[in-house]
Amino acid sequence: MDHIIEVQNATKRINNKILLDDVNLQVQKGEIVGIIGRNGSGKTVLFKCICGFMKLDLGKILVNDKEMGKNCNMAENTGIIIESPGFLPAYSGYRNLLFLADIKSRAKREKICEAMKQVGLDPNSKKAVKTYSMGMKQRLAIAQAIMEDQNILILDEPMNGLDDDGVEDTRKLLLKLREQGKTILIASHMKEDIDVLCDKVYRMEKGKISIAQTAKQS
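The structure presented is a predicted model; accordingly, all values stated were derived computationally and were not measured.

1. A short note on the overall build of the protein
- Helix and strand counts for the protein stand at 6 helices and 10 strands.
- Here the C-alpha radius of gyration of the protein, 17 Å, is about what a compact globule of 218 residues would show, namely 17 Å.
- Taken along its principal axes, the extent of the C-alpha atoms in the protein is 50 × 35 × 35 Å.
- Look at the contacts in the protein between residues 6 or more apart in sequence, and 63% of them connect residues 24 or more apart.
- Summed over all atoms, the accessible surface of the protein reaches about 11300 Å², with 45% contributed by carbon and sulfur.
- Treating the 34 positive side-chain charges of the protein as one cloud and the 29 negative ones as another, the clouds have centres 4 Å apart.

2. Some words on helix α1 (residues 43–51)
- Counting buried residues in α1 gives 8 out of 9 residues, a clear majority hidden from the surface.
- All buried positions along α1 are accounted for by Lys43, Val45, Leu46, Phe47, Lys48, Cys49, Ile50 and Cys51.
- In the stretch just after α1, Gly52 is the one whose phi turns positive, near 100 degrees.

3. Topic: helix α3 (residues 109–118)
- Every buried residue of α3 is accounted for by Ile112, Ala115 and Met116. Each buried residue of α3 sits inside an arc of 100 degrees when the element is viewed along its axis, so together they form one side. Opposite its buried face, α3 presents the exposed residues Glu110 and Lys117, each directed more than 90 degrees away.
- Once α3 ends, the next one or two residues include Gly120, with phi positive near 85 degrees.

4. Here's the deal with the packing of α3 against helix α4 (residues 134–146)
- Where α3 meets α4, the axes come as close as 8 Å, and the angle between the chain directions of the two elements is 140 degrees. The orientation of α3 relative to α4 falls into the category oblique. For the element pair α3 and α4, the recorded crossing hand is right-handed. On the side of α3, the interface is formed by Ala115, Met116 and Gln118, while α4 contributes Leu140, Ala143 and Ile146.
- When the residues that make up the contact of α3 with α4 are grouped by side-chain class, the tally is 5 nonpolar, 1 polar and no charged.

How each quantity is defined
- Residues numbered from 1 in each chain as written.
- Predicted model: local features only at pLDDT ≥ 70, side-chain atom pairs only at ≥ 80, totals over all residues.
- Heavy atoms only, no water.
- Helix = DSSP H or I, 4+ residues; strand = E, 2+ residues; numbered from the N terminus.
- Rg over C-alpha atoms; globule rule 2.2 N^0.38 Å.
- Contact = heavy atoms within 4.5 Å.
- Areas by Shrake-Rupley, 256 points an atom, 1.4 Å probe, with all protein chains shown as cover.
- Lys, Arg positive; Asp, Glu negative; His and termini not counted.
- Charge placed at Lys NZ, Arg CZ, Asp CG, Glu CD.
- Buried < 20%, exposed > 50% of the residue type's maximum accessible area, 1.4 Å probe, protein only.
- Arc of directions from axis to C-beta.
- Axes fitted to C-alpha atoms, helices over the stretch in contact; angles between N-to-C directions.
- Parallel < 35°, antiparallel > 145°, perpendicular 65-115°, else oblique.
- Left-handed = near helix turned anticlockwise from the far one by under 90°.
- Nonpolar A, V, L, I, M, F, W, Y, C, P; charged D, E, K, R; others polar.

Below you can see the structure in the form of structure tokens.
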């Protein structure tokens, strides 16, 4: 089976508190996998470990067949939303994404414009990010995650701050990206937000993970 993300016996402790407790997870190429759980259940810690932002105490994580912390320090070819992105408040959404693109030298201007349009933002708007609503900032975060046309998307609570239209637009976008062959790992504390998207749904509680649902989309 073609596993693009594989988590093996992942354990993480901070100050003697177990945040990940022998977690095993496999994500196949081209599927959407959802993880549900309350705040503090371990979802964000798991995502940070998969991306390379935190190191495990025990176990290992492979992304694109490369072991995190051994073959690479950061997950490659991966678009990420984890917690609130640090956008520059005085600049427009487009300028913010352009700054980020220049750092990595990957996304071209047309890709930035395309990504913003896909999430319902105007790339020509001069409006400063500091005047954005929470929903607009979240849309910009999604645009940042997809603008480099990465094969993997790791999205922690991508629906946060979105109104009903924003949630519906984001669902349609993620399903479209899956049709294009993207692999998507998404976390939410609201089960109904991701049920319609996911091929598999896992539940996290107190650092442990278990299968909650398997429902392959047609």
